[in-house]
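# Per-entry structural report
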Amino acid sequence: MSRFFRGGDDSSSESSSDEEDLSLSEEETTTKDQQSEDESSDDFDDDEDESEESSDDDDGDKPKGLSRFLLDQDSSESEEEDVEATTKVKSAKDKRHDELEATITGIQNGQKINDWHLIANEFDKLNRQVVKLQDGGKAPKSYIKCLVQLEDFMNETIAKQKVTPKKMNATNARGLNAVKQKIKKNNKDYQEQIDAYRKDSDAFMESDEEEVPVPKKVAKPKFEAFTAADEDEDASGFETVGKGGKALQFTPESIFKHLRTILESRGKKNTDRQEQISIMEKLFKVAETPYQKIRVLMTLVSARFDLGSGGASSMPLEHWKSAEKELGVLLHILEVAKDHIVIEGAEEWEDDERAPTLEEGQKYIKIPGSIVSYIERLDDELTRSLQAIDPHTSEYIERLTDEGSLYNIIFQGQLYYEALQKDASLEVPQESLNRIIQRRLDHVYYKPAQVVKILEENSWKQVSSSLDSKITPRSQSEEAIQLINTLCSYLFENSEGIIRARAMLCQIYFLALHDEYYKARDMMLTSHLQENIANFDITSQILYNRTLVQVGLCAFRKGLVYDAQNTLQEICGSGRQKELLAQGVMIQRFHQVTPEQERLEKQRQLPFHMHINLELLECVYLTCSMLLEIPLLAQTGSSPDVKKRVISKTYRRMLEYHERQIFTGPPENTRDHVMQASKALAAGEWKKATHFIHSIKIWDLMPSTESIKTMLAKQIQEEGLRTYLFTYAPFYDTLAVETLSGMFELDSRKVSAVVSKMISHEELAAALDQVTETVIFRKGVELSRLQSLALTLSDKASALIETNERTLEHRTQGSANAFSRKDGRGGGQRGGGRGGGRGGARTGGGPPRQAGGTQFTGGALGAAVRG
Amino acid sequence: MVDAQKDVPFKSAQVEALVVMKIVKHCSSTFPTTATGFLVGMDSNGVLEITNTFPFPTVDVAVPDNQQGHQNDASSIAAAAPRAKANIVYQNDMIRHLKEVNVDANNVGWYTSATMGNFVNLSFIENQYHYQRDNDKTVALVHDVSRSSQGSLSLRAFKLSTEFMAAFKEAKFTTESLQKSKLTFRDILVEVPVIVHNSHLLTSFVHQIPPPPEDPEISLPASLDDIKRQPAQFPPHPSFDVLDLSIDPFLEKTCDLLLDSIEAHYTDLNNHQYYQRSLTREQFKITQWQTKRKAENAVRLAAKQTPLPEDEWQRLFKLPQEPSRLEGMLNARQVEQYSKQVDGFTATVTAKMFAVRGNLLPE
């Protein structure tokens, strides 16, 4: 029994003397069984601290309490201990050695009976013990001996295993495997000593004896000093004291050493990152050469990033700010010291003693690292913290101001990489430059031109006037469109895949934002993104959706109602705008979302300042739908195929809901306004409809509100006229154009134009008499009820035939379908042809009208959310 | 009663004019609600003579069921009337009364009204089954009010085929059983020719009805005495309904009904598809379970343990119930009915159209 183990458990014996005896006896049994108590021995400092105290307590323990009843055992044990203590005063270190010996004997026993399970256990214990006995990286000799023996034995066993057909039992085999792996790993550390042993085992063992007692006093004071140092630093911060008990000297020479220790502790548990950061800050102060500075800064920045890693929490604000500043300094240093470069894939400089110097034929001192990753990380951290902040607070705005400085960093980074790329010998991968330009683009594409201009001006001010960018020359930075264009075309030429697509989308977005509808539309259509956007990653799909919406809004601003509706349909018609634009998480009604998914979704959310106003979006969509649907509703009337021709299901549903209401109060929200306007428009009261639409407040968010309102008023007048003609045509023989123009306050030329358009699209069975300025309606063109019923019936019948065919095909697996298919299809076509012919006469208005529109029917709709 | 010919199935139904008149009156008075009633008579020598009829009292039955407040109540109650318990009692009472006055009073079936032949439904089948189960010599008379209004009386007699009776008795209309019995929608109902029979008295009365006067000019009676001596004899009113040329209403109605049938068909189809999907799913699960169990058993066998039973899946999994195909069959029969109707209709209408056209053409 060792004091050490006692000490380890002492905290509990102090706390309650009743339990003490119990714990004592337990302790004894456990030590006898050689079952080490990992928990207590693992935590190193703790044990040491307490073992000091326990040495006092040990004596006071015994007579107390109930332990008397256990006197026999206890006394015998303690006697034994006493005997040992008297004959040879052993230090804690020696005791550990004894333990070690015991364990080794255990392993040897295991070897004798070929019990690998036991060996594995003992070996684990041995390794734990040995850690405490190491001095200066040298393990005890006996341990080395044991290792070698064990390895030999193991190899032997494995060899035997291969020859004999008899199998080991499961636990044994498992034990063997465990040992094998551990030995492999373990032996690397002691390779030197093992080799020495193998060379001359006797000599090795002899030298052992003298060496053992020497280091025994070292451990304790070292740790005391360490803990003391720790406390000191925390409490006052007099002088920083290092691990060895001596004060930490921050000299330029020792910088690399410190850096190395910090780097090594990175990623490990129980490392105090705050402390490391403060050390590095001090190191940076003493750093002299650019090389030192660069090294320190890089380590420092990555240490700061480490603070923010893990989970959804973002980096603390002050650290972000300092990281940003330090990156700026780093870039500045790199700019000034042109012979130092930070580059990916450079070789690590192993020698801590001296800094690398320029050798003959070398142009640069290469330092491994990736500026672009730092910048990306910095950007991501800002986004993350913006996601977490409530966007309606001043904190958000404050945080948002950091974007300017971030943009500067990105810009400088770009300049740096451009400078690197000038030198072809460095072979800087194109990808880094692409990435950094992509980041820059991400920060400007959704901003109005004026804002971009300010950003640009600020960043140019930051860099010295001698610098210029090849990609985005200083002279061209005045115009935001020009800038976006150059950035995008650069990416388009020099990259591929997703970055290329994203660049395209960003440019389209920017164009759409600045009312360049036709350019944006043409780019959208020529990009062919709608076909394969579903294969892209989700962030790109979100960008695609955003771009789509922006193009739709742009079309609306231009007064192209049909195009706007068509473009917005896909996003707004789904009722999941929030999700598709990554502006909020939808509540999932039908299936549970795993926390993992939810976290991912939250990460994807855009920060608030990038949002597209959803209410405005809905308002635009509904207004467009109204302008298209109301005439359509009037046109189709009550014919049985009404259901087939629906432009916007969402709108129809809302309208139905609105009509079902018994009492409709004055409109409150956007939706109410649009619905009441629809009702008024359907009844021909276009003035009322215009009033309703104009009183929607959200139009104020649009640039040039007035012109949009006039545009809408004009549209409503025209659609009102169309609706009127559809609804009341059956009741008139002739209608004077003048009457119509009076009714809708439209120019008579405009009325004639609208009427002729309807006539030419065969929406209206009428003729325009130009002499008398009247519309003459033709009668009897409308289908009778029987005719329309017959048409429906023929449609249904052909659908049935198709279903039957499919079933047959399915049944016969396509073998016996040659005849029946042909036959069936012929029938179907006949029916369809007839239906189409008749229907075309009346409903032919659709296609020609639609032909002018754009059709973005990408498959990105659901994929963005379903992930 | 007619024990000797008990096994001989009747070939035709002979309906008394009285019965026809009563049915027509009852049905058209309740139109568009369905009307049902009871037929009495006897069968002799393969002819089912229907000699009298009386309607089922609808009001009495409607009272207890009124709480449902369903709109179709009147119709549905009337349609279900032949099976209602109260009506069976009523029916037996009536038969007893009729027997007392010495009328042929055997239960020979029931009648129902219909619109454009939309009578093929489950209720109809159940009613007829209810009658035919006890007595094979029963018939269902269907009076189509809508079609009769177009000029010609539409009165048809139906009975269930014996195969269908057998199938319905087992209430098994799965795909499998239908394949085995080769029962198709055509085999559900058997139509029986209807002969309208007049009593001699009636025939002689009909003969007494004066023909239309040959001379268009009728001499006015000279004095009151003249009128007393020779009361004016009016010729029967000629029916012009037959010459009705409006085709649209009929076809429209048929179209509507056909569309309804197609809808019903789709519903049925969906049900069946749902069943098939769930069946496949369930079967897949079972196969998975079986393979798993097999593997388990193989392991157990290797470890010298007793294998687990492999038929436990019957207990663990429950295959979904196949929806009855009866609904679909009836629907098919109904569609056939409509199509035949249109077919028959066009035959007469085409003739009419030619007549009209011939008249219009310049000679």
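Everything here concerns the structure above.
Notes on the structure in this doc start here. Everything numeric here is computed off the predicted structure, so don't read it as measured data.

Taken as a whole, the largest pocket spans an internal volume of roughly 1900 Å³. In this structure, the largest pocket is lined by 43 residues; those nearest its centre are A:Leu800, A:Asn804, B:His265, B:Leu269 and B:Arg325. For the lining of the largest pocket, the elements supplying multiple residues, two or more each, are helix H36 (785–812) of chain A together with helix H8 (175–181), helix H11 (248–302) and helix H13 (326–360) of chain B. Ranked by residues supplied to the lining of the largest pocket, first place goes to H11(B) with 14 residues. Here the lining of the largest pocket is built from residues that sort into 20 nonpolar, 17 polar and six charged.

Residue and element names in this part refer to chain A. Taking 1.5 Å as the rise per residue, helix H25 (residues 538–557) with 20 residues should run 28 Å; its terminal C-alpha atoms sit 29 Å apart, in good agreement. Most of H25 sits out of view: 19 of its 20 residues are buried. Note on H25: the residue one or two positions beyond its end, Gly559, has a positive phi of about 85 degrees.

Here the focus is the sheet that holds strand S8 (residues 194–197) of chain B. All names here are of chain B. The strand order across the open sheet built from eight strands is S7-S6-S5-S4-S2-S3-S1-S8, with neighbouring strands paired in mixed fashion. Taken across any chain shown, the strands that pair with only one partner, and hence form the sheet edges, are strand S7 (189–192) and S8. Ignoring strand direction, the axes of neighbouring strands in this sheet form an average angle of 35 degrees. Inspection of the sheet shows strand S5 (residues 139–144) paired to strand S6 (residues 155–160) by four bridges, in the antiparallel sense. Along S6, the bridge assignment pairs Val142 with Arg156. Sheet strands touched by helix H4 (residues 85–100): strand S2 (36–44), strand S3 (47–55) and strand S4 (106–114). Its angle to S3, the strand with the most contacts, is close to 110 degrees.

Turning next to the packing of aromatic side chains. Residues and elements named next belong to chain B. Applying the stated criterion across every chain, the model contains 23 aromatic pairs over all chains. Centre to centre, the rings of Phe38 and Phe56 are 6.3 Å apart; their planes meet at 40 degrees, and the pair counts as tilted. You can see Phe38 sitting in strand S2 and its partner Phe56 sitting in the loop between S3 and helix H2 (58–62), a full 18 residues away along the chain. In this structure, Phe38 and Phe56 share a single accessibility class: buried. The structure contains a cluster of three or more aromatic residues connected by ring pairs, namely Phe38, Phe54, Phe56, Tyr90, Trp110, Phe119, Phe124, Tyr131 and Phe158.

The next subject is the interface of chain A and chain B. Counting residues at the interface gives ten residues for chain A and twelve residues for chain B. The contact between chain A and chain B buries some 1100 Å² in all, and 72% of this surface belongs to carbon and sulfur atoms. It is A:Leu786, A:Leu793 and A:Lys796 in chain A that bury the most area against chain B; as a group they hold 49% of the surface buried on that side. Of the charged contacts, one joins B:Glu263 and A:Lys796 as a salt bridge, the two residues approaching to 2.6 Å between their closest N and O atoms. For the pair chain A and chain B, the interface holds one residue pair in polar contact (both at pLDDT 80 or more).

So, how was this worked out
Residues numbered from 1 in each chain as written. Chains lettered and ligands numbered in written order. Predicted model: local features only at pLDDT ≥ 70, side-chain atom pairs only at ≥ 80, totals over all residues. Heavy atoms only, no water. 1 Å grid on protein atoms, 1.4 Å probe; cavity = no way out; pocket = protein on both sides within 12 Å on 5 of 7 lines; lining within 4 Å. Points joined across faces, edges and corners; volume = space filled by probe spheres on them. Helix = DSSP H or I, 4+ residues; strand = E, 2+ residues; numbered from the N terminus. Nonpolar A, V, L, I, M, F, W, Y, C, P; charged D, E, K, R; others polar. Expected span 1.5 Å × (residues − 1). Buried < 20%, exposed > 50% of the residue type's maximum accessible area, 1.4 Å probe, protein only. Pairing = 2+ DSSP bridges. Axes fitted to C-alpha atoms, helices over the stretch in contact; angles between N-to-C directions. Contact = heavy atoms within 4.5 Å. Phe/Tyr/Trp six-rings, centres within 6.5 Å; stacked < 30°, edge-to-face > 60°. Buried area = accessible area lost by both parts, 1.4 Å probe. Salt bridge = Lys/Arg side-chain N within 4 Å of Asp/Glu carboxyl O. Polar contact = N/O pair within 3.5 Å; in protein donor to acceptor, adjacent residues only side chain to side chain.

Structural measurements only, silent on function.
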